[in-house]
Each structure stands twice: as C-alpha cells, then as structure tokens.
Amino acid sequence: MGKKTMFEKIWDNHVIYQEEGKPSILYIDLQLVHEVTSPQAFEGLRLSGRKVRRPELTFATMDHNVPTTDRFNITDPISKQQIDTLTKNCADFGVKLFGLDDLDNGVVHVMGPELGLTHPGKTIVCGDSHTSTHGAFGALAFGIGTSEVEHVMATQCLQQAKAKTMEVRFVGKRNAGVTAKDMILGLIAKYGTDFATGYVIEYTGESITELSMEERMTVCNMSIEAGARAGMIAPDEKTFEYLRGRQYVPQGAAFDEAVAAWKELVTDEGAEFDTVVEFEVDSLIPQVTWGTSPSMGTDITSTVPNPADFATENERKAAEKALEYMDLKPGTPISEITIDYVFIGSCTNGRIEDLRAAAEVAKGHKVSEKVKAIVVPGSGRVKALAEKEGLDKIFTEAGFEWREAGCSMCLAMNPDILQPGERCASTSNRNFEGRQGRGGRTHLVSPEMAAAAAIKGHFTDVRDWNFKTEAVSS
Ligand SMILES: CC(C)[C@H](C(=O)O)[C@@H](O)C(=O)O
Ligand code: SF4
C-alpha cells in the first residue's frame, strides 16, 4: 500500500461515494452549530419535512451574539431572535444545546474540544471558518456554508472536492516570550493570506510537537487566515492525555482502543505532500499586525512599513489603504503606537493557558489610564477554572474588566464593539476593516503582548517585561 499523509488517511476513511472526476461524498462525524449560521439550515429542514439525521452527532452552542456583561439581557433584537431561534430549533430537532445557563456554553471552538467532542481522525464541520481549530487534535475540521450545514443535518454527509496537501514545517526552536500566536502570525506575515488556498496544512517540526494542545489550537485556528481549507497536527501523547476522561471521549478499555487507532493516523514516514513550506522559528520574535489583513504584521522591534517598499503595485496599494484606515505613518516604531482598548479572548486565545499567560504579565501592574481592557474567557468552564485559580482577581486588581464567555470583541455582533477611530490590541484572529466595530482599528497580538500593551498604553516587547515587580509607569 502507498504511503499516506494524515489528511489522506482521514479522507479515505470517510469517502462513502466517489464518481470518477467528481467531488467525493464524505461522511461527517461531528457537526457543531451556532446561532449565526444555523437558522436557515433548520428552516430548510422544516420546509422540506426532514429531520436532523444524526442528532447525537450534532451539538449546538451560542457565542457570537452573547453579551459578556449580562448574558441573559440581550437587548439587540436581531441577536435576541438568533438566540431564541437556536433554542427553539434545538428543542424541535432534538439537538443537544449548550445554552446560556450551561457551564459548557462557550465559543464553539473552545467548548467542543473542552467537552472531548473533538477526536483525532474525525471529520468535523461547522458553519464557521475557524473550525480549523479542531485540527489541532489530528481531526479533519473545516468551515462550511449554511446550505451545507443543512445538507449535513439532513444526510450526515457532505460533497467535497479533495484538497491538496501542504506540510508547513516549523524549523528550529522558539525563544522565550515567543508564543504560538507569534508562530502563526509570523508565518502569515511571511507567506501571505492565500499561500495555502486549496490546501490542507499539516504543521510539523519540533516547535510544533513541543506546543501544548491549547497552543496547537491557536496555530490551527488561524490556518484559515492563510487561505487553507484546514490545518492539522499529528495526534500524540499530549493529545491523548488532554482527551482522557473528558465527557464525550470513550472511557476505560474503549479509550485505549481509540488511542491505538488514533496512533495509526499519523503521516507515514516517506509520504509526500503536494507542497512543503518551511518557517524558521529561531529568529522569530513577538509579532504585531499594523494593517487590515492578518498578513500585515511585523516584529515588535520593527517600524510601520513604507508602502513604497513593497514589491508589487497591488501590495503597495493595499498597504497604503491599510495605513490610511489604521491612521499610521510609515517609519513609526511599532512600540510607539498607542492604544485605546485591549481585548483578551476569542477562539484563538481565550483558553485557560492564554488567560494564565496574560495574568502573569498583568500581575502587580495597573492598566494605563488611557486604556480600557477586557478579558473574556472562551467558555463557561474556562471562566470557572480561571476564577478557581484567582486569575479574575489578578485582572480586576490590575484594572481589567472580567467578563462572561462569548465571542465578544472578536467581531462586532454583540455589545462589545470599538467606536470609530478607536485602536485595539486584540488576541483574536482577524483585523479587517470594521471587524471590531465600524471605523475600529485592530492590531493582532498574543495574550502576553496584549496584557503588556494594556499596562503601558502602547505596544511593548514582552520579552523585556518586568514580571511581577513594582508597577511600570507608562
Ligand atoms: C459568524 C461566522 C460565520 C464567522 C466565521 O465563519 O468565521 C465568525 O465566526 C468569524 O470569525 O468571522
Ligand atoms: S471567537 Fe471570533 S473567530 Fe472565533 S468563532 Fe467567535 S467570532 Fe469567529
């Protein structure tokens, strides 16, 4: 038998029908659902008199429209309608919903892995582009459109053209202060937002296997910002230990059997990828984006680029437009950019390790008077654990607001929005125009860099951070 990549193994395990030259029909093991992309799908089922074919493989949460100050008080009529509609749809169609009063509620890509719904080898879909997050477990996980959501609900299958395979090999070791977020931001800054279009990425290399499961999720989360269909990382002992004992994971002997099968999924020695891309980690330092695409990023020690220095006319135009929107001047040191807002959270960086890392930076300091800073746990469980560890106290004592779980300021679909012209250091994954509110300006960073910026009032190199010492003046 030929040697196969992990993607090819999972793909072949799930093709249930194939006509020569046509897209495959894939079996889907898990569909995750949220309030924004599901209403028309459920309505379509209703209109055609269908049921959800496998309700036990379908799980729903509410996250995008949820206010983070008082989650039960939804004043925006559209948000309220989406939340109520999902509640009714789940009840009508027998789908398990982790609703607002549930500890397991949270951002779909945070609560899914946390509950152990995400397993190596599964095909996982959701009407949400950052479904790639789940690839951190060695699953084939990707976002789909609302009509496909309906199709999967009705049939548990999906028509898909097979993607090409790409290995993204991280070479070398991370230095202190360099996070998983910097690895993925650095990769996208170097290769752009479409280098992986049409591909499923497998991330490899020592600095990938060395990452925790949560850090791996941060990397896979942003695969979509590189244009990839999905991103994945080979399952290993860390994956199995993370999953052991979680609610939706097989228990006892069944778990051991599952692990034995999961071990078989890894890319065969000598299997060939369609493309290989390398990225040096040794020289990587903390990253900050300066523009309106995740690829418009640079080192914290660097300056805002000059559009004239870009190679092509298109790049020059894009950079000019971005700098105008961002109100930045070429040559300005990144560390001199002052901010108004800090958002720590999202499915990229709203997990417990992210909050621990940010709290470590914040401890004993005070948020700059010029900055409003919010910390939003990715799920009810992250919130509860953070509070058990006293992280909420560290944040509130430092002047951060401690919020309830949700997508929050990652995107402007709930009350957490930037005002026009406000500038935000954000741990989320997208910095498009208006993403955090009309006229809002977003700089993507790691949780550590966001916390440090909150305190200084401007970007600062977290590698120089004065951990747990006396307050730093701005
Ligand atoms: C609202 C949803 C469809 C969207 C997505 O697909 O990613 C959102 O989660 C985002 O991050 O932009
Ligand atoms: S946290 Fe942001 S990126 Fe993630 S699902 Fe919510 S809106 Fe999308």
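Residues numbered from 1 in each chain as written. Chains lettered and ligands numbered in written order. Predicted model: local features only at pLDDT ≥ 70, side-chain atom pairs only at ≥ 80, totals over all residues. Heavy atoms only, no water.

## Re the pattern of salt bridges
So, point 1. In the structure shown here, the tally under the stated rule is 29 salt bridges.
So, point 2. With a closest N to O distance of 2.8 Å, Arg 216 and Asp 236 form a salt bridge. Here the residue Arg 216 occupies a position in helix H8 (residues 213-221), and Asp 236 occupies one in the loop between strand S11 (230-232) and helix H9 (237-243), the gap between them amounting to 20 residues. Considered together, Arg 216 and Asp 236 belong to a single accessibility category, that of buried residues.
So, point 3. For Lys 393, the salt bridge goes to Asp 392, with nearest N and O atoms at 4.0 Å.
So, point 4. A relative accessible area of 13% places Asp 392 in the buried class.
So, point 5. If you follow the salt bridges from partner to partner, you end up with Glu 43, Arg 46, Lys 88 and Asp 92 in one network. (Salt bridge = Lys/Arg side-chain N within 4 Å of Asp/Glu carboxyl O. Helix = DSSP H or I, 4+ residues; strand = E, 2+ residues; numbered from the N terminus. Buried < 20%, exposed > 50% of the residue type's maximum accessible area, 1.4 Å probe, protein only.)

## Side note on the site of ligand 1
So, point 1. Every residue close to ligand 1 is listed here: Val 36, Thr 37, His 64, Gly 127, Asp 128, Ser 129, His 130, Leu 411, Met 413, Arg 430 and Arg 435.
So, point 2. At a separation of 3.4 Å, an oxygen atom of ligand 1 approaches a polar side-chain atom of His 130.
So, point 3. Protein burial of ligand 1: of its 310 Å² of free accessible surface, 80% is covered by the chains.
So, point 4. A breakdown of the residues in the shell around ligand 1 according to their chemical character gives three nonpolar, five polar and three charged.
So, point 5. The residues that make up the shell around ligand 1 include at least three from each of domain 1 (6-275) and domain 2 (287-464). (Near = heavy atom within 4 Å. Polar contact = N/O pair within 3.5 Å; in protein donor to acceptor, adjacent residues only side chain to side chain. Areas by Shrake-Rupley, 256 points an atom, 1.4 Å probe, with all protein chains shown as cover. Nonpolar A, V, L, I, M, F, W, Y, C, P; charged D, E, K, R; others polar. Domains from an automatic or database assignment.)

## Brief notes about the sheet that holds strand S9 (residues 164-171)
So, point 1. The strand order S11-S10-S9-S12 describes an open sheet built from four strands, whose pairing is parallel. The open sheet has two edge strands, S11 and strand S12 (275-280), and neither has a second partner. Along the sheet, successive strands turn relative to each other by an average axial angle of 25°, direction set aside.
So, point 2. With three bridges joining them, strand S10 (residues 199-204) and S11 adopt parallel strand pairing. Residue pairing across strands places Ile 201 opposite Gly 231, the latter belonging to S11.
So, point 3. Lying over the sheet, helix H6 (residues 180-191) contacts S9, S10 and S12, oriented at roughly 115° with respect to S12. (Pairing = 2+ DSSP bridges. Axes fitted to C-alpha atoms, helices over the stretch in contact; angles between N-to-C directions. Contact = heavy atoms within 4.5 Å.)

## Structural notes on helix H4 (residues 108-115)
For an α-helix the count is 3.6 residues per turn, leaving residues at separations of three or four pointing the same way.
So, point 1. With eight of its eight residues buried, H4 lies for the most part within the structure.
So, point 2. Of the residues making up H4, those classed as buried are Val 108, His 109, Val 110, Met 111, Gly 112, Pro 113, Glu 114 and Leu 115.
So, point 3. Phi turns positive one or two residues past the end of H4, at Gly 116, with a value near 80°.

## Structural notes on the packing of helix H2 (residues 39-47) against helix H3 (residues 77-93)
So, point 1. For the pair H2 and H3, the least separation of the axes is 10 Å and the interaxial angle reads 40°. Here H3 runs oblique to H2, going by the angle between their axes. H2 and H3 meet at a crossing whose hand is left-handed. Residue-level inspection shows Pro 39, Phe 42, Leu 45 and Arg 46 of H2 in contact with H3, the latter providing Gln 82, Thr 85, Leu 86, Lys 88, Asn 89, Asp 92 and Phe 93. (Parallel < 35°, antiparallel > 145°, perpendicular 65-115°, else oblique. Left-handed = near helix turned anticlockwise from the far one by under 90°.)

## Re the domain arrangement of the protein
So, point 1. Domain boundaries assigned for the protein yield domain 1 (6-275) and domain 2 (287-464).
So, point 2. Taken over C-alpha atoms, the centre of domain 1 sits 25 Å from the centre of domain 2.
So, point 3. Contact with domain 1, which involves 42 residues of that partner, is made by 44 residues of domain 2.
So, point 4. Between domain 1 and domain 2 the total buried area reaches about 3400 Å² when both faces are included, carbon and sulfur atoms providing 57% of it.
So, point 5. Among the residues of domain 1 in contact with domain 2, Thr 68, Lys 181 and Glu 214 are the three that bury the most area, contributing 19% of the side total.
So, point 6. Summed over the shared surface of domain 1 and domain 2, the result is three salt bridges.
So, point 7. A salt bridge links Glu 404 to Arg 71, with the shortest nitrogen-to-oxygen separation between them at 3.4 Å.
So, point 8. Viewed at the interface, domain 2 and domain 1 are joined by 28 residue pairs in polar contact (both at pLDDT 80 or more).
So, point 9. Secondary-structure elements contributing two or more residues to the side of domain 1 that touches domain 2 are H4, H6 and H8. (Buried area = accessible area lost by both parts, 1.4 Å probe.)

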